[in-house]
Structures are given as structure tokens and as C-alpha cells.
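Remarks on the overall topology
Read off the chains here:
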Amino acid sequence: FTTEKEIRSIKTIDDLFNMTPDGKYIVINDLDLREVNRNYTTTFTGEIDFQGHKVFRNVKGASSYILGTIGSTGVVKNLVLDITIDNTVERQDWWGFFYENYGNINNVMVTLNSSTDYPNVGQSLLIWRNRGVIDTFVINTKEPIHGLRNLAIVAVNNYGTIRNGYVYGAGIDASYNNETT
């Protein structure tokens, strides 16, 4: 005889950052993470169901990512990510929501609403490095991601599986020239 883990709710930003690493969570409302300069750095091996609630993110004044590492048993699903790239100087290392995935990221919708034109380096709308599975996603770039190098719509580095996804819109603008070459 076994029982399911207790399901806890995430209603506030503090609830998100105070999760236990192996807990089971549901998000019960939209979360505004614009200009939030915090990271969840513990490897997350539990489950988060965003239930289609929006998470708002921007670049200016914000941390590089929200969730650090999703462990091999970790699941994040039903995330709607609303992104504004609003930096006023070039920015290095900014990844929509995740740093690294060894688990499963499922059913994600990302919208890039606006993007400033700077020679950014190391940017992605979803994740820096995928070693797990990213399955069933839609990404709409209403404006291009601007930058110099290491730019990606889904993942800058992929060593896992990315499948059943659609990317459409303005794409990537990496038209900056390096005058030394």
C-alpha cells in the first residue's frame, strides 16, 4: 500500500522559490517574475503543474533563469511563458525559464512579445541545456531574438530529446559583425 505525495499549491513567488526538491505542486494563478532576481538552485526532482497559468519574464533586472536543474525524475508541465527581452545594454547568459533539464518538460507555450536590438550572447527562450525530454511545445517569436552568438529559440545545447514542437514567428537576428575577423 502506497499513498500519493501531498500536492501543494504555488500562489506566490515565494511559494515557487520555497518548494521542496521532491514535492508535487500545482500553480493556482499567474506569476509575475519580471525583474525578479532570484533562482531556484536546488535540483528539482518533483512535479510542477502550471495548469496553463502564465509566467511573465523579462531580461532587464532579472536573473538568468528561474529553475536551475530538473533532475531525472523531475516533471514540469503546462507552462505558459510570456517573455519580454527589454535589456538596455547587451546581455550575456539569459535562458527563459530553465538552466538544465535531465527530466521531462511537457506542454509548454512560449511567446516572445518584444525584443531589444543588442548584441546579446547566450540567450534562449526556454532553456540553456537539455539532457532530458522536452515534449509538446509551441513557441511564437513576435519579434526576433537579437544577438551575436549562442542564441536559440528552444535550447542552446541539446543532448536529449526535443520533439512534437512548433516554432514560428520572427526567428533569430544574429546579424552583428565582428570587426576583428
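Residues numbered from 1 in each chain as written. Predicted model: local features only at pLDDT ≥ 70, side-chain atom pairs only at ≥ 80, totals over all residues. Heavy atoms only, no water.

1. What about the overall build of the protein chain?
Counting its secondary structure elements, the protein chain contains one helix and 18 strands. A principal-axis box enclosing the C-alpha atoms of the protein chain has dimensions of 65 × 30 × 25 Å. For the protein chain, the proportion of contacts with a sequence separation of at least 24, taken over those separated by at least 6, is 77%. Within the protein chain, the 20 negative side-chain charges are centred at a point lying 4 Å from the centre of the 16 positive side-chain charges. (Helix = DSSP H or I, 4+ residues; strand = E, 2+ residues; numbered from the N terminus. Contact = heavy atoms within 4.5 Å. Lys, Arg positive; Asp, Glu negative; His and termini not counted. Charge placed at Lys NZ, Arg CZ, Asp CG, Glu CD.)

2. Topic: the sheet that holds strand β8 (residues 92-95)
Within the open sheet, the three strands sit side by side as β8-β11-β15. Their pairing is parallel. Edge positions in the sheet fall to β8 and β15 (149-152), since each of these pairs with one other strand and no more. Neighbouring strand axes in the sheet, compared pairwise and without regard to direction, differ in orientation by 5° on average. Where β8 lies against strand β11 (residues 121-124), three bridges are found, and the strand directions are parallel. If you follow Q92 over to β11, its bridge partner there is V121. (Pairing = 2+ DSSP bridges. Axes fitted to C-alpha atoms, helices over the stretch in contact; angles between N-to-C directions.)

3. Some thoughts on the nonpolar core
Generally speaking, a soluble globular protein has its nonpolar side chains buried in company with each other. Formed by 42 residues in total, the largest nonpolar core has its most connected members in M19, I48, L67, F97, F98, L125 and L126. Elements with a minimum of two residues in this core: α1 (13-17), β2 (24-27), β6 (67-70), β7 (75-85), β10 (104-115) and β13 (133-141). The element that contributes the greatest number of residues to this core is β7, accounting for five residues. Discounting residues that sit within four places of it in the chain, M19 has contacts with I10, Y25, Y40, F44, I48 and L67. (Core = buried A, V, L, I, M, F, W, Y, C linked by side-chain atoms within 4.5 Å. Buried < 20%, exposed > 50% of the residue type's maximum accessible area, 1.4 Å probe, protein only.)

4. Focus on unusual backbone geometry
Located in the positive-phi region is T136, a residue other than glycine, with phi close to 65°. Looking at the secondary structure, you find T136 in strand β13. A relative accessible area of 37% places T136 in the partly exposed class. One non-glycine residue, N164, adopts positive backbone phi at about 55°. With respect to the helices and strands, the residue N164 is situated in strand β17 (residues 161-169).

5. A short note on the environment of D14
Looking at the element boundaries, D14 is found in helix α1. Residue classification places D14 among the partly exposed residues on the basis of a relative accessible area of 43%. Each C-alpha atom of the pair D14 and K142 lies 30 Å from the other, and the pair is 128 residues apart in sequence. Among the polar contacts listed, one links the side chain of D14 to the side chain of R38, at a separation of 2.8 Å. (Polar contact = N/O pair within 3.5 Å; in protein donor to acceptor, adjacent residues only side chain to side chain.)

6. Here's the deal with the pairing of β7
Taking burial as the measure, the 11 residues of β7 include eight buried ones, the bulk of the element. Bridging between strand β4 (residues 47-49) and β7 involves three bridges; their strand directions are parallel. Residue pairing for β7: E47 is matched across the bridge by V75. In terms of strand pairing, strand β5 (residues 54-58) meets β7 through five bridges, oriented parallel. Considered in β7, the bridge of R57 is made with I83. Pairing between β7 and β10: 10 bridges, direction parallel. Note that in β10 the partner of K77 across the bridge is N106.

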